[in-house]
Amino acid sequence: MTLLKAAALGAGLSLTAGAATAQTLTMGVRGGPESMDPHYSALGVHAAAAKHIFDTLVWSGTDLQIEPGLATSWAPIDEDTWEFKLREGVTFHDGSAFTAEDVKFSIERIPVVTGPTTTTIYVRRVAEVEIIDDYTIHIHTDGPASTLPNDFIRLFIVSSEAAADYSTPETAAEGFNSGAATIGTGPYKYVSWEPNGDLVLERFDDYWRGMGAWERVIRQEIPNDSSRLAALKAGQVDVINYVSSVDYLALANDADIDSIIGDSVYIMNLQLDQRGETPKVYDNDGNVMAENPLTNPLVREAFDLAIDRETMVEIVLEGLGQPANQLMPKGFFGSNESIPAKVYDPARARELLAEAGYPDGFKIDLYCTSDRLPGDGAICQGLGQMFTQVGIDTNVNAISRTVYFPAQAAQEYSVFMNGWGTLTGEASYTLGGLAHSNDPEVGLGAFNRVRYVNEEVDRLLQEGATTLDADARRAMYEEAMALVVADRAYIPVVQLQTVWAAKAGAYTFEPRFDEDTLAFFIRPAN
C-alpha cells in the first residue's frame, strides 16, 4: 500500500521506481554495532546489525510474537528440561552445516565474551546443554523456566568451527571484527566494518528463508538526525531510521519522501542510585554530599512529581510517544493495569524536598545517551529543566552511548536516564534484569545499576521464574511491578514512537515494535 504522509500506526510502508532495479540498499542508521561479535552487547542497535549476519534460535516477529527460527519447535519435557528441535538443511556462510553443536557452543560462549551491557540475560536460566543428536538439543534449567523460548530471541548462533579460536575476551574482538569468525547463517555475509562507520554486507544466496532482494547492503552509521535526513534527501542513502520529531512534521510537506510512524517497545526511565554514598549529587556549594538523598523515598517522589509527561510528549517529542506509568508497555505479560497514571505536581515536589530536609534543594549531574533512541537527548534536557524548577539544580550530560553505557555499568552515575525495551514481551525480562537485586548466583539483576533492593520484589520474581501456571505467574509479576513503581528507584517517563523515512513509493517495509531496521524485510515496491 502507498503510505500517506501521516501514517496510521502499524501500517506497512510502500515507500517505486528508483530502487526497484537497484542491487544495493544503503540504510542510514542512527547507531551501529559495538563490535561484530553478536554476543558482546545487548543493546538494540547492536542486535539489529547482528540479525543481518546471524540467526537466533527463536525468532521475534514484527509484534514481538515468538516464531520458529533456527529452532523449528520447542517444548518442556520435564520440570527443568526443554527440548528444541533444530532446522535441518541450514548452512553457514562458509558452507558448513548448522547443527546442535553450534547451539551448545553459542550458549556456553556468551558468559565468557559478553561486554558491559551483558547478554547473559538471555541464557541466565540455562544450567546445562545436552546434545541428543545433530538436530535435537535438551536445555536443562535451574528449575522450571517457563519463559526460556522468549529469552532465546536474542540467542545468536555462531559457527562453533569459525569462532573456536575467538571465544575469549582477549581474542573475540579480533576474530569477529576482522571477519575471520563472522560466519553466520543469516541473510547477508560480512564484507567489512568500520567502527562508527559503514557495515558492508553481501547477499547469502543459500539463506534458508529464501534469497534477499539486495545483492549488497550498506548500513551507514550517521548519528546526527539532521545529517541522516540530509543524506536521504541527497540520494546518498535509501532508507533512514529514527527521524526526529521536528523533521517528521516537516516531511508532511515533502512529496519526495515517505515516512511511517510505529509504536516502540522502548520506555524511557529515570534511575536513581540507592547506594549510601553516590558520586554525582552535590550540596549547593558544589560538594559531594556525604549522605545520598536519593535513598529517601520523599526525594524520589519529588523527582516523580516534577516530571510533566504530557508536556514531554506534546512539546519535546512533538506528539511521538505517550506518558508512561510503568516499565513496560500496556498489555505486555505482567504489566499492571491497576497502576494509576502519573501526576505532575511541582508544588508538592518542592514540599516533599523540604520535608526530606532539603528546603533549598541540591545539585545533580543527570546522564543520558544522545545517539541511541529517538529524542533521548531532548527528553534528558526536558527532565533537567523540570527538576531545576522544583529546586534540584540539574546539569545535563547527553553523551554518546559508547561512553554512557560502560560508565553506567561501572556505577559512575547517580541519576541517569535511558530506554529499556521489554523485547521478550513479558515481565521477567524487564523486572528480572532491572529490579531484582544484583545476584549473579541466581542470574538476576544484571542491569540493576542503582543497587535497588526490595526483598519482596526479589521473592516474587524468583517464584515467578519457576511458576509454570501462567495466571499465577502473571499475578506475581503484576504485584512486583506495582512495588517497583511505588519505590521509585526507577521512574518511567515516556513510551516512545519511532519514525522511518525513505524515497517516496520505493520500498515495502513494515515497522517492528523493537525498532529494528532489517534489510531482508525491506523490498523494492515493484
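Residues numbered from 1 in each chain as written. Predicted model: local features only at pLDDT ≥ 70, side-chain atom pairs only at ≥ 80, totals over all residues. Heavy atoms only, no water.

**Considering the packing of helix 14 (residues 455-465) against helix 15 (residues 470-487)**
Counted only if it meets this: Every axis corresponds to a line fitted to the C-alpha atoms, with the helix fit spanning only the stretch in contact, and the corresponding angles, defined between N-to-C directions, vary from 0 to 180 degrees. Here a strand is any run of E in DSSP of at least two residues, a helix any run of H or I of at least four, and the numbering for each starts at the N terminus. The scheme is simple: roughly parallel for angles under 35 degrees, roughly antiparallel for over 145, roughly perpendicular for 65 to 115, oblique for anything else. Throughout, a crossing is termed right-handed when the near helix is turned clockwise from the far one, and left-handed when it is turned anticlockwise from it by less than a right angle. Here, two residues are considered to be in contact whenever any of their heavy atoms come within 4.5 Å of each other. Asp, Glu, Lys and Arg are counted as charged, while Ala, Val, Leu, Ile, Met, Phe, Trp, Tyr, Cys and Pro are counted as nonpolar; the rest, among them Gly, fall into the polar class.
Between helix 14 and helix 15, the least distance of the axes is 9 Å, while the angle of their chain directions is 155°. Classified by the angle their axes make, helix 14 and helix 15 are roughly antiparallel. Here helix 14 runs over helix 15; the crossing is left-handed. For the pair helix 14 and helix 15, the contacting residues are Glu-456, Val-457, Leu-460, Leu-461, Glu-463, Gly-464 and Ala-465 in the first and Arg-473, Met-476, Tyr-477, Glu-479, Ala-480, Leu-483 and Val-484 in the second. When grouped by side-chain class, the residues that make up the contact of helix 14 with helix 15 number nine nonpolar, one polar and four charged.

**With respect to the sheet that holds strand 5 (residues 71-78)**
The condition is simple: In this analysis, strands are considered paired if DSSP registers two or more bridges between them.
Read across the sheet, four strands follow the order 5-6-8-7 without closing on themselves; strand pairing throughout is antiparallel. Both outer strands of the open sheet, strand 5 and strand 7 (126-133), are each paired with one neighbouring strand and no more. Within the sheet, the average angular offset between the axes of one strand and its neighbour, ignoring direction, is 20°. Pairing geometry for strand 5 and strand 6 (residues 81-86), over six bridges, is antiparallel. Note that in strand 6 the partner of Pro-76 across the bridge is Trp-82.

**Re the pattern of salt bridges**
Inclusion rule: Note on definitions: salt bridges are taken to be side-chain nitrogens of Lys or Arg within 4 Å of carboxyl oxygens of Asp or Glu. Throughout, exposure labels follow a simple rule: accessible area from a 1.4 Å probe, protein chains only, divided by the maximum for the residue type, with under 20% read as buried, over 50% as exposed, and the rest as partly exposed.
Summed over the entire model, instances satisfying the criterion amount to 26 salt bridges. Linking Arg-203 and Glu-215 is a salt bridge whose minimum nitrogen-to-oxygen distance equals 3.9 Å. Here Arg-203, found in strand 10 (residues 198-203), pairs with Glu-215, found in the loop between strand 10 and strand 11 (216-221); they are 12 residues apart in sequence, far enough to count as distant. Where Asp-273 meets Arg-275, a salt bridge forms, and the shortest distance between an N and an O atom there is 2.8 Å. Using a relative accessible area of 0% as the deciding quantity, one classes Asp-273 as buried. Overlapping salt bridges, with partners in common, bring together Arg-30, Asp-225, Arg-228 and Asp-376 in one network.

**Remarks on the packing of helix 8 (residues 297-305) against helix 10 (residues 346-355)**
With their axes 8 Å apart at the nearest point, helix 8 and helix 10 run at an angle of 165° to one another. Here helix 8 is positioned roughly antiparallel relative to helix 10, judged by the angle of their axes. Remark: the crossing between helix 8 and helix 10 carries left-handed chirality. Contacts between helix 8 and helix 10 involve Leu-298, Val-299, Glu-301, Ala-302 and Leu-305 from the first element and Pro-346, Arg-348, Ala-349, Leu-352, Leu-353 and Glu-355 from the second. Residues belonging to the contact of helix 8 with helix 10 are distributed by class as follows: eight nonpolar, no polar and three charged.

**Considering the side chain of Thr-118**
Spelled out, the test is: Residues adjacent in sequence count toward polar contacts only when both atoms are side-chain atoms; beyond that, a polar contact is any pair of N or O atoms within 3.5 Å, and within protein one must be able to donate a hydrogen and the other to accept it.
Within the element layout of this structure, Thr-118 appears in the loop between helix 3 (100-113) and strand 7. A polar atom in the side chain of Thr-118 sits 3.3 Å from the side chain of Thr-114. A polar atom in the side chain of Thr-118 sits 2.7 Å from the side chain of Thr-120. If near-sequence neighbours (up to four positions away) are discounted, Thr-118 is found in contact with Ala-42, Ala-446 and Phe-447.

**What about unusual backbone geometry?**
One non-glycine residue, Glu-318, lies in the positive phi region at around 55°. Positive phi values are uncommon outside glycine, yet Arg-451 reaches one of about 55°. We classify Arg-451 as partly exposed; its relative accessible area is 33%.

**Quick word on the packing of aromatic side chains**
For the record, the criterion: In this analysis, rings of Phe, Tyr and Trp, with Trp reduced to its six-membered ring, are considered paired at centre separations within 6.5 Å, and the interplanar angle assigns stacked below 30 degrees, edge-to-face beyond 60, and tilted for intermediate values. Criterion for a charge above a ring: Arg CZ or Lys NZ at most 6 Å from the ring centre, at most 35 degrees from the ring normal.
Under the counting rule described, the total for this entry stands at 23 aromatic pairs. Taken together, a centroid distance of 6.4 Å and an interplanar angle of 65° make the contact between Phe-92 and Phe-98 edge-to-face. Classification of Phe-92 as buried rests on a relative accessible area of 0%. Clustering of aromatic rings is evident, with ring pairs tying together Trp-59, Tyr-207, Trp-208, Phe-520 and Phe-521. The ring of Trp-59 has Arg-209 sitting right over it, with the charged end atom 4.7 Å from the ring centre. The ring centre of Phe-520 lies 5.1 Å from the NZ or CZ of Arg-523, which sits over that ring.

**Here we look at the nonpolar core**
The following threshold applies: In plain words, nonpolar cores are sets of buried Ala, Val, Leu, Ile, Met, Phe, Trp, Tyr and Cys residues tied together by side-chain atoms within 4.5 Å.
Counting residues in hydrophobic clusters, the biggest one holds 110 residues, and the most contacted among them are Phe-84, Phe-152 and Phe-303. If you tally residues by element for this core, the top one is helix 15, at six residues. Excluding anything up to four places from it in sequence, Phe-152 contacts Thr-56, Leu-57, Val-58, Phe-84, Ile-107, Tyr-122, Val-123, Val-126 and Ile-139. The next biggest cluster of nonpolar side chains, apart from the first, holds 34 residues, and it includes Ala-49, Ala-163, Leu-201 and Phe-509.

**Side note on the confidence of the model for the protein chain**
Atomic detail in the predicted coordinates should be set aside for any region of low pLDDT. This is how the line gets drawn: How sure the predictor is of each residue is captured by pLDDT, a score from 0 to 100.
Of the residues in the protein chain, 96% have a pLDDT of 70 or more, and the chain-wide mean is 94. Contacts for the low-pLDDT stretch residues 1-21, under 50 throughout, to residues beyond four places or in other chains number 70 contacts.

**Here's the deal with the side chain of Thr-147**
Topologically, Thr-147 is positioned in the loop between strand 8 (136-141) and helix 4 (148-151). When residues no more than four places from it in sequence are discounted, the contact partners of Thr-147 are Glu-426, Ser-428 and Arg-473.

**A few points about helix 9 (residues 309-316)**
What counts here: Directions are taken from the helix axis to each C-beta atom, and the arc is the one they span.
The set of residues buried in helix 9 consists of Arg-309, Met-312 and Val-313. For helix 9, the buried positions fall inside an angular range of 90° around the axis, keeping them on one side. Across helix 9 from its buried face, at more than 90 degrees, point the exposed residues Glu-310 and Ile-315. If you follow the buried residues of helix 9, they end up packed against helix 8, strand 15 (321-323), helix 11 (376-389) and strand 19 (490-503). Glu-318, located one to two residues past helix 9, shows a positive phi value of around 55°.

**A short note on the pairing of strand 10**
Bridge analysis of strand 9 (residues 188-193) against strand 10 gives five bridges, and the strand direction is antiparallel. Following the sheet pairing, Trp-193 is matched in strand 10 by Leu-199. Two successive antiparallel strands, strand 9 and strand 10, enclose a turn made up of four residues, where Asn-196 displays a positive phi of approximately 65°. Taken together, the five bridges between strand 10 and strand 11 define a ladder with antiparallel strand orientation. Paired with Val-200 across the strands is Ile-218, a residue of strand 11.

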